[in-house]
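Now for the letters of each chain:
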Amino acid sequence: MNQQNSAFFAVIGLAVTIAWVIISWYNYRLKKRIIDSGPLNDEALGFVKKLSGSGTEALKWGCIIFSAGMGLVVIDFIKYDNGSSLPFGIEAMFIAAGFLVYYFALKKQQQP
């Protein structure tokens, strides 16, 4: 990977991190204001729970990052020509597999 690509990915990663921190901070402030406003009815309580997430975010990102890492390991062992789209296809398939694992794990968790 050349220097320009590294700088591009670093800037994108920093921007995503900053956006995530800002969104988390404002969600926290909104939940705090709703709770501090007084007694909560069912609608407000449902809204606060929806802001908190379903609690499966760690599972989702763990599945995706693990499968993406496995894809990179597999790409390292495969020989391909420069300019080939094979590494991109392999990485996309592994990331998609991570999403599928997350989907089926979530589906199994929600079954009675």
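Calculation rules
- Residues numbered from 1 in each chain as written.
- Predicted model: local features only at pLDDT ≥ 70, side-chain atom pairs only at ≥ 80, totals over all residues.
- Heavy atoms only, no water.
- Helix = DSSP H or I, 4+ residues; strand = E, 2+ residues; numbered from the N terminus.
- Buried < 20%, exposed > 50% of the residue type's maximum accessible area, 1.4 Å probe, protein only.
- Contact = heavy atoms within 4.5 Å.
- Areas by Shrake-Rupley, 256 points an atom, 1.4 Å probe, with all protein chains shown as cover.
- Lys, Arg positive; Asp, Glu negative; His and termini not counted.
- Charge placed at Lys NZ, Arg CZ, Asp CG, Glu CD.
- Expected span 1.5 Å × (residues − 1).
- Arc of directions from axis to C-beta.
- 1 Å grid on protein atoms, 1.4 Å probe; cavity = no way out; pocket = protein on both sides within 12 Å on 5 of 7 lines; lining within 4 Å.
- Points joined across faces, edges and corners; volume = space filled by probe spheres on them.
- Salt bridge = Lys/Arg side-chain N within 4 Å of Asp/Glu carboxyl O.
- pLDDT = per-residue confidence, 0-100.
- Phe/Tyr/Trp six-rings, centres within 6.5 Å; stacked < 30°, edge-to-face > 60°.

A.B. asks: Please provide a residue-by-residue account of the overall build of the protein chain, values included.
C.D. replies: Tallying secondary structure elements over the protein chain gives four helices and zero strands in all. Along its sequence from the N terminus, the protein chain presents helices and strands in the succession α-α-α-α. By principal-axis analysis of the C-alpha atoms, the protein chain measures approximately 65 × 40 × 15 Å. In the protein chain, buried positions account for 14% of the 112 residues. Contacts in the protein chain between residues at least 24 apart in sequence constitute 41% of all its contacts with a sequence separation of at least 6. Entry remark: accessible area of the protein chain is about 9300 Å², with carbon and sulfur atoms responsible for 67%. The averaged location of the 7 negative side-chain charges in the protein chain is 7 Å from the averaged location of its 10 positive side-chain charges.

A.B. asks: I'd like to hear about helix H3 (residues 57-77), residue by residue, with values.
C.D. replies: Taking 1.5 Å per residue, 21 residues should reach 30 Å; H3 reaches 31 Å between its end C-alpha atoms and fits that length. Within H3 the residues assigned to the buried category are Lys60, Cys63, Ile64, Ser67, Ala68, Gly71 and Ile75. Relative to the axis of H3, the buried residues are bounded by an arc of 120° and lie together on one face. Those residues of H3 that are exposed and angled more than 90 degrees off the buried face are Ala58, Ile65, Phe66, Leu72, Asp76 and Phe77. For H3, the secondary structure elements touched by its buried residues are helix H4 (86-110).

A.B. asks: Report on the layout of surface pockets, specifying residues and quantitative values.
C.D. replies: The volume enclosed by the second largest pocket comes to roughly 190 Å³. The wall of the second largest pocket is formed by Leu72, Ile75, Tyr80, Asp81, Asn82, Gly83, Ser84, Pro87, Phe88 and Glu91. Secondary-structure elements contributing two or more residues to the lining of the second largest pocket are H3 and H4. Top contributing element to the lining of the second largest pocket by residue count: H4, with three residues.

A.B. asks: Got a sec to walk through the pattern of salt bridges? Specific residues and values, please.
C.D. replies: Going through the model one piece at a time under the given rule, you end up with one salt bridge. With a shortest N-O distance of 3.5 Å, Asp36 and Lys32 are connected by a salt bridge. Residue Asp36 and its partner Lys32 are both found in helix H1 (residues 3-36); the two are separated by four residues, about one turn of the helix.

A.B. asks: Lay out the confidence of the model for the protein chain with the relevant residues and their values.
C.D. replies: Here the protein chain averages 84 in pLDDT, and 93% of its residues register 70 or above. When mean pLDDT is compared element by element in the protein chain, H4 scores highest at 91, while helix H2 (residues 42-52) scores lowest at 73.

A.B. asks: Account for the packing of aromatic side chains, naming residues and giving values.
C.D. replies: All told, the structure shown has three aromatic pairs when counted by the stated rule. Here the aromatic rings of Trp25 and Tyr28 are separated by 5.8 Å at their centres, their planes lie at 35°, and the arrangement is tilted. Residue Trp25 and its partner Tyr28 are both found in helix H1; the two are separated by three residues, about one turn of the helix. Among the residues examined, Trp25 registers a relative accessible area of 48% and is labelled partly exposed.

A.B. asks: Outline the environment of Tyr102, supporting the account with residue identities and numerical values.
C.D. replies: Relative to the helices and strands, Tyr102 is located in helix H4. In sequence terms Tyr102 and Ile64 are 38 residues apart; their C-alpha atoms lie 7.9 Å from each other. In contact with Tyr102, other than residues within four places in its own chain, are Thr56, Leu59, Lys60 and Cys63.

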